[in-house]
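Listed below are the residues making up each chain.
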Amino acid sequence: AQSVTQPDARVTVSEGASLQLRCKYSYSGTPYLFWYVQYPRQGLQLLLKYYSGDPVVQGVNGFEAEFSKSNSSFHLRKASVHWSDSAVYFCVLSANTGNYKYVFGAGTRLKVIA
Amino acid sequence: EAAVTQSPRNKVAVTGGKVTLSCNQTNNHNNMYWYRQDTGHGLRLIHYSYGAGSTEKGDIPDGYKASRPSQENFSLILELATPSQTSVYFCASGDAGAAPLFGEGTRLSVL
């Protein structure tokens, strides 16, 4: 069975500091992986996606993520956070065969403080 | 522009009543999904569809039905609403393996 674990339910960082949000997945094959952001009372918006190839993928607003098959991870990073990055971030997995259902992590709530 | 539109955005229902949540997509995607979001659970899949006329059970289908009368529309139906179904519901559409597009969500309160 596929699963996604985001081990940090809440993360607080200072504005201008670097950020890493962790994501670990469980899947026997090579997955499709996504990071989404959810602002208060809004839907989920895609930050970036990984299908294959270069393990470091760039996304919107300066976000990037690195895929590691050996570690079964897909961590999200940003070099310098802004207060507007405060939101909930979801790591999402899709199997690359079969019914293409999506499996969500529980989310990490990011708070950026001055 | 690609879009997923949910209606209503907010709904208050009474226990035992029937609730229908609607979703429309203009993306010509084959696949559509209904999720609920509760604190600490992320998004959980209720029902999904591969195309008009098809519906499949997701991970938590009990108490819910779904209907996909056309490529564009996918409804979630609560025949007998219960307070445990109070939640935020999201509809999404997507092609196989691609990043899904989400609606803005429907806040449902069952009293």
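Remember, predicted model here, so these are calculated numbers, not experimental data.

**Observations regarding the state of the cysteines**
Per the counting criterion, the structure on display carries 2 disulfides over all chains. Covalently, Cys-23 of chain A is tied to Cys-91 of chain A through a disulfide, its sulfur atoms 2.0 Å apart. Because the sign of the S-S torsion sets the handedness, a value of about -65 degrees for the bond joining Cys-23 of chain A and Cys-91 of chain A places this disulfide among the left-handed ones. Taken together, the residues span a long stretch of sequence, with Cys-23 of chain A in the loop between β3 (19–21) and β4 (24–26) and Cys-91 of chain A in strand β10 (residues 87–94) at a distance of 68 residues. For Cys-23 of chain A, a relative accessible area of 0% translates into the label buried. With a relative accessible area of 0%, Cys-91 of chain A lands in the buried category. Shown here is the disulfide that connects Cys-23 of chain B with Cys-91 of chain B, its sulfur atoms set 1.9 Å apart. Judged by the torsion about the S-S bond (-80 degrees), the Cys-23 of chain B/Cys-91 of chain B disulfide is left-handed. Within this pair, whereas Cys-23 of chain B is found in strand β3 (residues 19–25), its partner Cys-91 of chain B is found in strand β9 (residues 87–94), the two being separated by 68 residues in sequence. Each member of the pair, Cys-23 of chain B together with Cys-91 of chain B, is buried.

**What to know about the nonpolar core**
Counting residues in hydrophobic clusters, the biggest one holds 29 residues, and the most contacted among them are Leu-19, Trp-35, Leu-47, Leu-48, Phe-74, Leu-76 and Tyr-89 of chain A. Contributing elements (two or more residues each) for this core: β2 (10–14), β3, β5 (32–38), β6 (44–50), β8 (64–68), β9 (73–78), β10 and β12 (108–113) of chain A. Membership of the second largest hydrophobic core comes to 19 residues, among which are Leu-43, Leu-45, Val-88 and Ala-99 of chain B.

**Side note on the interface of chain B and chain A**
Tallying the contact residues gives 23 residues for chain B and 19 residues for chain A. Carbon and sulfur atoms supply 56% of the area buried between chain B and chain A, which totals about 1,700 Å² over both sides. Elements with a contribution of two residues or more to the side of chain B that touches chain A: β4 (31–38) and β5 (42–49) of chain B. When residues in the side of chain B that touches chain A are grouped by element, the largest group, 4 residues, is from β5 of chain B. Counted by class, the side of chain B that touches chain A contains 12 nonpolar, 6 polar and 5 charged residues.

Each value, and the rule that gives it
Each chain carries its own residue numbering, running from 1 in the direction its sequence is written. Just so you know, chain letters begin at A and ligand numbers begin at 1, following the order they were written in. In keeping with the predicted nature of the model, local features appear solely for residues at pLDDT of at least 70, side-chain atom pairs appear and are counted solely at 80 or more, and the whole-chain, interface and lining totals rest on all residues. With hydrogens and water set aside, each side-chain value is computed from the structure's full complement of heavy atoms. Working definition: a disulfide is two cysteine sulfur atoms within 2.5 Å of each other. Here a strand is any run of E in DSSP of at least two residues, a helix any run of H or I of at least four, and the numbering for each starts at the N terminus. Three labels apply to residues, based on accessible area from a 1.4 Å probe with only protein chains included: buried if under 20% of the type maximum, exposed if over 50%, partly exposed otherwise in between. Throughout, nonpolar core names a set of buried Ala, Val, Leu, Ile, Met, Phe, Trp, Tyr and Cys residues whose side chains join them through atoms within 4.5 Å. In this analysis, two residues are considered to be in contact whenever any of their non-hydrogen atoms come within 4.5 Å of each other. Computed with a 1.4 Å rolling probe, the buried area is the accessible surface lost when two parts are put together, summed over both parts. The residue classification treats Ala, Val, Leu, Ile, Met, Phe, Trp, Tyr, Cys and Pro as nonpolar and Asp, Glu, Lys and Arg as charged. All others, Gly included, are polar.

Nothing here speaks to function; it is all geometry.
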